[in-house]
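The lines below spell out each chain.
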Amino acid sequence: MTKIAAIIGGGVIGGGWAARFALNGWQVQVFDPDPQAERKIAEVLANARRSMPGLTDVALPAEGGLRFCTSIAEAVEGAVWIQESVPERLEVKHSTLAEIQAACDAQAVIGSSTSGFKPSELRAGSTRPDQIMVTHPFNPVYLLPLVELVPAEGQDGPLVDRAKELLTGLGMYPLHLRKEIDAHVADRLLEAVWRESLWLVKDGIATTEEIDDAIRYGFGIRWAQMGLFETYRVAGGEAGMKHFMSQFGPALKWPWTKLMDVPDFDETLVDLIAGQSDAQSGAYGIRDLERIRDNNLVAMMRALKQQDWGAGRLMKQHEAALRAGTVLEARAADIDDPSQPVPTVHRAVPLDWTDYNGHMTEAKYLQAFADATDRFMELIGCDAAYIDSGGSFFTAETHIRHVDEVHAGAVIDIRTRVLLGAGKKMHLWHEMYEGDRLLATGEHFLLHVSLETRKPSDPSTEIAAALTRFAQAHAALPMPEGVGRFVGAPR
């Protein structure tokens with residue numbers, strides 16, 4: 001059954017929430033009185049469609065519908081999650097939350113995107129205070145997984161557990177704060193860096209671009225994968241965190257910081273910073289900057305996923321949830337009818353798989369077909385445990401035919417059939433599709449090898465039986481066009 005999310009307020013953050021929900025298969029109902037809301041959310045959603053599916057190596061669910069409503073009551077009807085993202089004025093939030101509670105289901109989660117207000121402030125005067133909690137995301141909401149989840153102190157309960165479950169299902173990380181505080185955690189850290197940066201610009205120490213360079217070429221990269229304390233633990237060397245603290249702790253008493261002193265935010269400072277920012281980034285439009293940002297975030301987060309670290313580990317967990325219960329995690333015994341080609345890959349083409357022509361690069365065709373082979377090996381029992389026991393299939397020959405163009409964002413499916421499965425030999429035929437359109441074929445010939453002797457050997461009885469079952473069933477299919485074709489042969 002499709003879940004419904006209500007988005008109240010469709011600015012940058014509300015639009016990001018709408019994209020995160022919709023691209024995870026939710027029905028999204030939006031209310032925003034701004035006459036430009038539909039255009040703004042459409043642009044955010046377009047950016048999300050080109051970048052978010054490329055985070056994972058399994059396709060996201062079919063996109064949910066998006067409907068704009070004429071009232072809050074209409075938007076919250078049937079919603080299990082209601083996200084409030086109206087302007088940061090407490091009186092506006094109070095009136096909005098009151099209108100939401102008057103119309104919504106009593107068991108719906110009401111999350112506020114507020115970056116500064118505490119949940120106890122939001123709940124003042126509410127009819128069901130435990131229903132309201134802070135769920136503060138980070139821009140772009142459709143890519144960055146962090147959500148600061150803050151219920152009022154001492155009022156955790158089933159709705160908070162439900163909120164965690166739903167956020168995790170969206171591929172997000174709910175950072176549950178058990179004590180409320182102004183501006184939560186992440187924005188307090190950002191505020192400290194922001195204040196110092198304002199002084200550095202005002203005092204002529206550095207420009208806006210030089211400060212950004214200090215972050216993006218230095219500690220920002222470290223923070224992206226290890227955070228603050230783990231970074232400093234490494235800085236302590238073999239002696240660890242205690243050594244780091246004793247070495248650098250005295251610096252806390254030195255007059256390095258102006259955190260308790262704020263520069264006058266006057267017109268002179270605003271003009272200085274705005275002028276430097278224009279010189280730094282004014283050549284790009286906002287949509288250009290958003291796409292550049294998204295490209296970089298996807299590439300960095302995918303790199304972290306390869307290392308199973310930081311945000312990348314969270315992405316792998318989300319992939320496992322997307323794969324759960326599908327044929328992509330089935331074993332041979334789970335497939336009742338082995339007579340048809342087996343689905344082995346179902347994924348979107350990420351941004352970093354394309355070249356200067358906007359096409360998927362040759363190397364990524366090979367990767368996609370190699371992933372299909374690995375999945376089929378796992379299906380018949382040649383999984384990580386079996387490989388650890390000393391046997392595996394090695395690819396001896398590969399042939400790829402590029403039939404049609406593939407672009408970033410395309411959802412590709414690979415179907416695999418066995419042309420030969422006997423003894424040590426396995427001959428696989430892969431076909432890559434976007435919908436019903438054939439994009440490419442891949443032909444792999446593999447030999448089973450003993451990892452101890454590095455020579456061909458017979459597979460286990462169980463693997464041999466599973467392989468033979470598919471080979472015999474697939475033998476009834478017509479021989480596919482292009483099998484064994486040499487390079488340059490006419491089609």
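First, a word on what this report is: a plain description of the structure on this page.

## A short note on helix α16 (residues 461-474)
Counted at 1.5 Å a residue, the expected span for α16 with its 14 residues is 20 Å, and the 20 Å between its end C-alpha atoms agrees. Of all the positions in α16, only I463, A466, L467, F470, A471, A473 and H474 are classed as buried. Against β9 (342-348), α14 (362-379), α15 (384-388), β10 (391-402), β11 (411-422) and β12 (425-434) lie the buried residues of α16.

## Quick word on the packing of helix α7 (residues 186-202) against helix α8 (residues 208-226)
At their nearest, the axes of α7 and α8 sit 10 Å apart, and the two run at 140° to each other. As judged from the angle between their axes, α7 and α8 are oblique. Relative to α8, α7 is oriented so that their crossing is right-handed. Counted together, V193, S197, L200 and V201 of α7 and T208, I211 and I215 of α8 form the full contact between these two elements. Partitioned by chemical class, the residues of the contact of α7 with α8 number 5 nonpolar, 2 polar and no charged.

## Some points on the pairing of strand β5 (residues 109-112)
Burial along β5 is two-sided: V109 and G111 facing one way and I110 and S112 facing the other are all buried. Note that strand β4 (residues 81-84) and β5 share 4 bridges and pair parallel. Bridging across to β5, E84 finds its partner in S112. One crossover worth recording links β4 to the parallel β5 by way of helix α4 (residues 90-103), and it is right-handed. Across 3 bridges, the pairing between β5 and strand β6 (residues 132-137) is parallel. Paired with I110 across the two strands is I132, which belongs to β6.

## Side note on the side chain of T441
Relative to the elements of secondary structure, T441 occurs in strand β13 (residues 437-450). With near-sequence residues (within four places) excluded, T441 lies in contact with F369, H399, I400, R401, W429, H430 and E431.

## Points about empty space enclosed by the protein
All told, the structure shown has 2 cavities of 30 Å³ or more when counted by the stated rule. Of the pockets and cavities examined, the largest cavity occupies roughly 100 Å³. Around the largest cavity sit 13 residues that line it, and R20, L55, G171, M315 and H318 are the ones nearest its centre. Among the elements that take part in the lining of the largest cavity, helix α13 (residues 311-323) stands out by supplying 4 residues, more than any other. For the second largest cavity, the calculated volume is near 60 Å³. Taken together, V12, G16, V44, N47, N139, P140, V141, Y142, E290 and R293 form the lining of the second largest cavity. Among the residues making up the lining of the second largest cavity, the classes are represented as 5 nonpolar, 3 polar and 2 charged.

## Considerations on the environment of I132
If you trace the backbone, I132 turns up in strand β6. Under the relative-accessibility criterion, I132 is labelled buried at 0%. With 49 residues separating them along the chain, I132 and I181 place their C-alpha atoms 16 Å apart. Residue contacts for I132: discarding those within four places in its chain leaves L97, Q101, I110, L122, R123 and S126.

Parameters at a glance
- Residues numbered from 1 in each chain as written.
- Predicted model: local features only at pLDDT ≥ 70, side-chain atom pairs only at ≥ 80, totals over all residues.
- Heavy atoms only, no water.
- Helix = DSSP H or I, 4+ residues; strand = E, 2+ residues; numbered from the N terminus.
- Expected span 1.5 Å × (residues − 1).
- Buried < 20%, exposed > 50% of the residue type's maximum accessible area, 1.4 Å probe, protein only.
- Contact = heavy atoms within 4.5 Å.
- Axes fitted to C-alpha atoms, helices over the stretch in contact; angles between N-to-C directions.
- Parallel < 35°, antiparallel > 145°, perpendicular 65-115°, else oblique.
- Left-handed = near helix turned anticlockwise from the far one by under 90°.
- Nonpolar A, V, L, I, M, F, W, Y, C, P; charged D, E, K, R; others polar.
- Pairing = 2+ DSSP bridges.
- Right-handed = clockwise from strand over helix to strand, strands pointing away.
- 1 Å grid on protein atoms, 1.4 Å probe; cavity = no way out; pocket = protein on both sides within 12 Å on 5 of 7 lines; lining within 4 Å.
- Points joined across faces, edges and corners; volume = space filled by probe spheres on them.

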